[in-house]
Amino acid sequence: EAQHSKAFGVTASDVQFDIGAVMSRKTKVVQALRKGVAATLKKLKVEVVQGNGRIAGKKGDAFVVDVDGDKLEGKRLLICTGSEAIRIPIPGYDLPYVYTNREILDIDKVPESLTVIGGGVIGLEFATFFSEIGTNVTVVEMLPSVGGPIDPDIASVLRKELERKGVTFHLQAKVTSVKGNAVEFEKDGSSQAVPSEVVLMSVGRRPVTRSIGLETINVHTENNAIAVDDRGRTNVPNVWAAGDVNGKSLFAHTAYREAEVCVSDMTGAPARMRYNAVPAVIYTHPEAASVGMTQAEAEKKGYEVSVTKLPMSYSGRYLAENEAGRGICKIIVEKNYRTLLGVHMVGGPCSEIIYGAGTMIETELRVDDIKEVVFPHPTVGEILREAIWHAKV
């Protein structure tokens, strides 16, 4: 913001970036959050045992978890082992300058060059950060678009915005090796290489199910994830799984809700997990956010849809706060019942807006219902109202 403040009447000079100070503050924030969680657990009289845990079978009707030799027993078992970053086994994948998203958060100097292997959510977020602090960033992605499963219109705008920041993309390219501070890949039938001081391997995550003792109680897995129903139940009675380990929706906010559903089921309260309105956000600059179905998903399911796309500049506040911003808002409306099926956005504080669209989808609001909702002005969120009023249904 300091580097590009002139358009807003602010002149900044000698702008510098101190990565040591940034990482120090990052650590401070993380520690504060951890202490807050620990305090909440203590207040609720939850016993926390630190150590290496592994399921060790059953003892009568109780499950046994071994934590560094200590045996813990409980009649109910909730598995929340999360996920881990994948390292594809190409030559050079284990070199010291090849990081995953975990290790790169502790970097102590700004690299001159960075190659991101993988143009998914995490890869794009780090590409944004490093390009903004002066690193030459290249993204190598196997697919023809970036952002994983996001709407193609949103993906296109996001890629162009990141290219404006100086990020170079090589799409439909397959990385073959890392050596000599360079990433080698194949594209259009030829071999190419990108010099890179640092490499970020960001090719996805996988559930942590290996070596945790699932076989001792015969918990069923599918594609390396624990299989669960809509109440979080596994195939084993009194065993539940929540979060990334079940492979359903790898977001922290999904895990929170899944945990609530599991505990509700344990205590006899009615609750079921629904995934039709789980928001997804890419924390780039600009942000991208979506909830519900894409146009392709809706049409594949047989819905007759109306699609509306509006520039984010239809919002007065967005126009005031973003110089030359090219964001868009795209909504998918089902023509028969006139209900909102999906909302996809790029630009502005999308992460702070998308939950509203999720509520509309979750409650199956019709276009006419949403038109009656009063939005505060001026807000970027008004773009939802504008899009609804422009929908041709």
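Look a little higher up for the structure.
Below is a summary of the structure that appears in this document. (Residues numbered from 1 in each chain as written. Predicted model: local features only at pLDDT ≥ 70, side-chain atom pairs only at ≥ 80, totals over all residues. Heavy atoms only, no water.)

1. Comments concerning the sheet that holds strand 10 (residues 174-178)
Now for step 1: The antiparallel open sheet is built from three strands, whose spatial order is 10-11-12. What marks the edges here is a single partner per strand, and that holds for strand 10 and strand 12 (190-195). Sheet twist, expressed as the mean angle between neighbouring strand axes with direction ignored, is 30°.
Now for step 2: As defined by bridge partners, strand 11 (residues 182-187) adjoins strand 12 across six bridges and the pair is classed as antiparallel. What sits directly across from Ala182, in strand 12, is Pro195. (Pairing = 2+ DSSP bridges. Helix = DSSP H or I, 4+ residues; strand = E, 2+ residues; numbered from the N terminus. Axes fitted to C-alpha atoms, helices over the stretch in contact; angles between N-to-C directions.)

2. Quick word on the sheet that holds strand 6 (residues 98-99)
Now for step 1: If you trace the five strands from one edge of the open sheet to the other, you get 6-13-7-8-9, paired in parallel fashion. Each end of this open sheet is capped by a strand with a single partner; those strands are strand 6 and strand 9 (168-170).

3. Quick look at the packing of aromatic side chains
Now for step 1: Under the counting rule described, the total for this entry stands at three aromatic pairs.
Now for step 2: Each ring, one from Phe17 and one from Phe129, has its centre 6.1 Å from the other, and the planes form 65°; the classification is edge-to-face. Of the two residues, Phe17 sits in the segment before helix 1 (19-43) while Phe129 sits in helix 2 (residues 121-132), which places them 112 residues apart along the sequence.
Now for step 3: Phe17 gets classed as partly exposed once you look at its relative accessible area, which sits at 37%.
Now for step 4: Residue Phe129 is classed as partly exposed on the basis of its relative accessible area, which comes to 27%.
Now for step 5: An angle of 75° between the planes, with centres 5.0 Å apart, marks the rings of Phe129 and Phe130 as edge-to-face. (Phe/Tyr/Trp six-rings, centres within 6.5 Å; stacked < 30°, edge-to-face > 60°. Buried < 20%, exposed > 50% of the residue type's maximum accessible area, 1.4 Å probe, protein only.)

4. A word on the side chain of Thr284
Now for step 1: Here Thr284 is to be found in the loop between strand 18 (280-282) and strand 19 (288-292).
Now for step 2: The class of Thr284 is buried, set by a relative accessible area of 0%.
Now for step 3: For Thr284, the side chain forms a polar contact with the main-chain oxygen of Pro286, separated by 2.6 Å.
Now for step 4: With residues up to four places along the chain from it excluded, the contact list for Thr284 reads Leu124, Glu125, Thr128 and Leu158. (Polar contact = N/O pair within 3.5 Å; in protein donor to acceptor, adjacent residues only side chain to side chain. Contact = heavy atoms within 4.5 Å.)

5. Here we look at a nonpolar patch on the surface
Now for step 1: Side chains of Leu44, Val46 and Val48 sit close together on the surface and give an oily, nonpolar patch of about 280 Å² of accessible area.
Now for step 2: Within the secondary structure, Leu44 is located in the loop between helix 1 and strand 1 (53-59). (Patch = residues over 30% accessible without salt bridge, like charges linked within 9 Å, V, L, I, M, F, W, Y side chains within 5 Å. Areas by Shrake-Rupley, 256 points an atom, 1.4 Å probe, with all protein chains shown as cover. Salt bridge = Lys/Arg side-chain N within 4 Å of Asp/Glu carboxyl O.)

6. Regarding the nonpolar core
Taken as a class, soluble globular proteins show a tendency for nonpolar side chains to be buried jointly.
Now for step 1: Among the nonpolar cores identified, the biggest contains 29 residues, and Ile104, Leu114, Phe130, Val137 and Phe169 are the most heavily contacted of them.
Now for step 2: Sorting the residues of this core by element identifies helix 1, strand 7 (113-117), helix 2, strand 8 (136-140), helix 3 (152-164) and strand 13 (198-201) as the ones contributing at least two each.
Now for step 3: Residue contributions to this core peak at five residues, all from helix 3.
Now for step 4: Discounting residues that sit within four places of it in the chain, Phe130 has contacts with Ile104, Ile107, Pro111, Leu114, Thr135 and Val137.
Now for step 5: Listed in part, the 28 residues of the second largest apolar core include Ala289, Cys329, Phe375 and Ile383. (Core = buried A, V, L, I, M, F, W, Y, C linked by side-chain atoms within 4.5 Å.)

7. Points about the pattern of salt bridges
Now for step 1: Across all of its chains, the model carries 24 salt bridges by this definition.
Now for step 2: Glu73 is paired through a salt bridge with Lys59; the nearest N and O atoms lie 3.3 Å apart. Here Glu73 is found in strand 3 (residues 70-74), whereas its partner Lys59 is found in strand 1, with 14 residues between them in sequence.
Now for step 3: Residue Lys59 is classed as exposed on the basis of its relative accessible area of 54%.
Now for step 4: Salt-bridge contacts for Lys165 lead to Glu132; the nearest nitrogen and oxygen are separated by 2.9 Å. Taken together, the positions of Lys165 in the loop between helix 3 and strand 9 and Glu132 in helix 2 put the pair 33 residues apart, joining distant regions of the chain.
Now for step 5: A relative accessible area of 34% means that Lys165 is categorised as partly exposed.

8. Concerning the pairing of strand 13
Now for step 1: Alternating residues of strand 13 divide into Val198 and Leu200 and Val199 and Met201, and every residue in both groups is buried.
Now for step 2: Note: strand 6 against strand 13, two bridges, orientation parallel. Along strand 13, the bridge assignment pairs Tyr99 with Leu200.

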